[in-house]
Amino acid sequence: MGTENQRKLAVTGGLFSAIYLTMNNVLPSAPELLMGLTLGLGLAFLVLGLLPGESWRKLRRWRHSGE
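Computed from a prediction, not measured in an experiment: that's the story for all the values here.

Engineer: When you look at the overall build of the chain in this model, what are you seeing that I'm missing?
Structural biologist: Each helix and strand in the chain was counted, giving 3 helices and 0 strands. Secondary structure elements of the chain occur, N-terminal to C-terminal, as α-α-α. What you see for the chain is a C-alpha radius of gyration of 15 Å, clearly larger than the 11 Å of a compact globule of 67 residues, by over 25%. Across its three principal axes, the chain shows a C-alpha extent of roughly 45 × 25 × 15 Å. In the chain, once contacts between residues fewer than 6 apart in sequence are set aside, the share between residues at least 24 apart is 66%. With an accessible surface of roughly 5100 Å², the chain has 68% of that area assigned to carbon and sulfur atoms. Both charge centroids of the chain, one from 7 positive and one from 4 negative side chains, sit 8 Å from each other.

Structural data, given as structure tokens:
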């Protein structure tokens with residue numbers, strides 16, 4: 001189940017990165033806040049999607065420990 005979620009996160013990160021690159025070329029006058037948010041989300045999703053299995057499980061355990 002974890003690898004399916006990781007794959008979705010990696011694809012989402014790739015899409016955000018592609019959107020960033022497209023916006024950078026098509027709309028060079030786009031607001032910096034929007035560009036930075038798009039790039040940051042893309043990088044965050046890519047990192048989460050590419051985590052090794054053990055780190056993924058530790059992160060999930062930590063996230064659900066406060067419930």
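Here the narrative resumes, following the displayed structure.
Engineer: When you look at the pattern of salt bridges in this model, what are you seeing that I'm missing?
Structural biologist: Think of it this way: side chains of opposite charge can pair up when their charged atoms draw near. A complete count under the given rule lists 3 salt bridges for this structure. Between Glu54 and Arg61 there is a salt bridge whose closest N-O contact spans 3.8 Å.

Engineer: Mind showing me how you'd approach the environment of Gly13 here?
Structural biologist: Of note, Gly13 is situated in helix α1 (residues 2-26). Given a relative accessible area of 0%, Gly13 falls into the buried group. In this structure the C-alpha to C-alpha distance between Gly13 and Ser65, which are 52 residues apart in sequence, comes to 26 Å. Setting aside residues no more than four positions away along its own chain, Gly13 makes contact with Gly42, Phe45 and Leu46.

Engineer: What should I look at first to understand the side chain of Gln6 in this one?
Structural biologist: Topologically, Gln6 is positioned in helix α1. On the basis of relative accessibility, which here comes to 8%, the residue Gln6 falls in the buried class. Polar side-chain contacts of Gln6 include one of 2.6 Å to the backbone oxygen of Leu51. Setting aside its immediate chain neighbours within four residues, Gln6 contacts Leu48, Gly49, Leu51, Pro52 and Trp56.

Engineer: Just to check I follow, could you spell out the environment of Arg61 for this structure?
Structural biologist: Structurally, Arg61 is set in helix α3 (residues 53-64). The spatial distance from the C-alpha of Arg61 to the C-alpha of Met35 is 32 Å, given a sequence separation of 26 residues.

The rules we used
Residues numbered from 1 in each chain as written. Predicted model: local features only at pLDDT ≥ 70, side-chain atom pairs only at ≥ 80, totals over all residues. Heavy atoms only, no water. Helix = DSSP H or I, 4+ residues; strand = E, 2+ residues; numbered from the N terminus. Rg over C-alpha atoms; globule rule 2.2 N^0.38 Å. Contact = heavy atoms within 4.5 Å. Areas by Shrake-Rupley, 256 points an atom, 1.4 Å probe, with all protein chains shown as cover. Lys, Arg positive; Asp, Glu negative; His and termini not counted. Charge placed at Lys NZ, Arg CZ, Asp CG, Glu CD. Salt bridge = Lys/Arg side-chain N within 4 Å of Asp/Glu carboxyl O. Buried < 20%, exposed > 50% of the residue type's maximum accessible area, 1.4 Å probe, protein only. Polar contact = N/O pair within 3.5 Å; in protein donor to acceptor, adjacent residues only side chain to side chain.

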